[in-house]
Amino acid sequence: MKKRNHSALAVLIIAFVLGSTYFYAKNLEAPIVVSVPHADFREISRIDTTEKIAVITVDAGFGDKSADGLLKALAKHEIKASFFLVGEWVEKYPGITKRIVEEGHEIFNHSYSHPDYPSLSADEIKADLQKMDDALFQTVGLRTRPYYRAPSGARNAVVNQAAAEAGYQHIYWSLDPQDWRLDISGETIKNRVLNNLHPGAIILLHIADSATGEVADEMFTEMEKRGYRLVGLTEVL
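Note that the coordinates shown come from a computational prediction; the quantities given were computed from them, not determined experimentally.

### A look at the environment of Thr188
Argument step 1. Turning to its location among the elements, Thr188 is positioned in helix 7 (residues 186–195).
Argument step 2. With 10 residues separating them along the chain, Thr188 and Gln178 place their C-alpha atoms 9.5 Å apart.

### Structural notes on the pattern of salt bridges
Argument step 1. With the rule as written, the count across this model stands at 15 salt bridges.
Argument step 2. The residue Arg143 makes a salt bridge to Asp134 at a minimum N-O spacing of 2.9 Å.
Argument step 3. A single network of salt bridges, built from pairs that share partners, joins Asp68, Lys72, Arg99 and Glu103.

### Points about the packing of helix 7 against helix 8 (residues 211–225)
Argument step 1. The contact between helix 7 and helix 8 brings their axes to 8 Å, and the two run at 35°. Crossing angle aside, the handedness with which helix 7 passes helix 8 is right-handed. On helix 8, the residues touching Gly186, Glu187, Ile189, Lys190, Val193 and Leu194 of helix 7 are Ala211, Thr212, Val215, Glu218, Met219, Glu222 and Met223.

### Points about the confidence of the model for the protein chain
Argument step 1. Mean pLDDT for the protein chain: 87, with 83% of residues reaching 70 or above.
Argument step 2. In the model, residues 1–38 has pLDDT below 50 throughout and makes 8 contacts with residues more than four positions away in sequence or in other chains.

### With respect to the layout of surface pockets
Argument step 1. Roughly 350 Å³ of internal volume is contained in the largest pocket.
Argument step 2. If you go around the largest pocket, you meet 19 residues; those closest to its centre are Phe62, His114, Ser152, Trp180 and His206.
Argument step 3. Mapped by element, the contributors of at least two residues to the lining of the largest pocket are strand 1 (53–60) and strand 6 (201–206).
Argument step 4. Taken together, the residues that form the lining of the largest pocket break down as 8 nonpolar, 8 polar and 3 charged.

### Here we look at the side chain of His105
Argument step 1. As for its position among the elements, His105 is in the loop between helix 4 (94–102) and strand 3 (106–109).
Argument step 2. Judged by its relative accessible area of 7%, His105 falls in the buried class.
Argument step 3. A polar side-chain atom of His105 sits 2.9 Å from the main-chain amide nitrogen of Ala81.
Argument step 4. Each residue touching His105, except ones within four places of it in the same chain, is listed here: Leu71, Leu74, Ile79, Lys80, Ala81, Phe83 and Ile100.

### Brief notes about the pairing of strand 6
Argument step 1. Across the 6 residues of strand 6, 6 count as buried, placing the element largely inside the fold.
Argument step 2. By the alternation rule, side chains of strand 6 split into Ala201, Ile203 and Leu205 and Ile202, Leu204 and His206, which are all buried.
Argument step 3. Strand direction decides the pairing type here: strand 1 and strand 6, joined by 6 bridges, are parallel. Directly across from Thr57, in strand 6, lies its bridge partner Leu204.

Definitions and cut-offs
Residues numbered from 1 in each chain as written. Predicted model: local features only at pLDDT ≥ 70, side-chain atom pairs only at ≥ 80, totals over all residues. Heavy atoms only, no water. Helix = DSSP H or I, 4+ residues; strand = E, 2+ residues; numbered from the N terminus. Salt bridge = Lys/Arg side-chain N within 4 Å of Asp/Glu carboxyl O. Axes fitted to C-alpha atoms, helices over the stretch in contact; angles between N-to-C directions. Left-handed = near helix turned anticlockwise from the far one by under 90°. Contact = heavy atoms within 4.5 Å. pLDDT = per-residue confidence, 0-100. 1 Å grid on protein atoms, 1.4 Å probe; cavity = no way out; pocket = protein on both sides within 12 Å on 5 of 7 lines; lining within 4 Å. Points joined across faces, edges and corners; volume = space filled by probe spheres on them. Nonpolar A, V, L, I, M, F, W, Y, C, P; charged D, E, K, R; others polar. Buried < 20%, exposed > 50% of the residue type's maximum accessible area, 1.4 Å probe, protein only. Polar contact = N/O pair within 3.5 Å; in protein donor to acceptor, adjacent residues only side chain to side chain. Pairing = 2+ DSSP bridges.

Take a look at the structure:
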């Protein structure tokens, strides 16, 4: 009786091994599909620290008047900033885009055409992010993941989920001098930054108008006098 049980068990084991081998071999013939890992769904709007660290982020989507002044100030203070670029801007200003990379700054995704993301479907958001990613790759050979900033900062759960599924985590800000406004002076921009500066700040700047570029050197000098270290995102994340 024991002999028969052992024989039956042996037959079952052999059948299992043969079946598993066949299943494995068949599946080797199937194409391998690799999905993009999801980015962290949680939004980052400031760095969790008590140290005097401030992250310099720069959005570019419409103009370039502050580009030269800002880049010169960043170079003078040896700051490696984080730029969020719009794809259409990259295509319009390939020379500045290349300069940003050559001077050691990092570039992330700010959409392709600066649409209102909450009004788009998840698939449209993903397509727009990818179009910007492709535009940057064609210009400087770099990709934009893992960070993005929604156009105008407009986002909701659907937007952030769609972006996360495309491999992006949203970067917001904790200090916005509103330098995108055309009626604002350089002095006002500088004072808004300095008066609201705090440890772990993510500072939002723009380069469309000339005011930011005109005061960037003074602003960075004062921040450093107060003991702040000015960095890009990947240095602290």
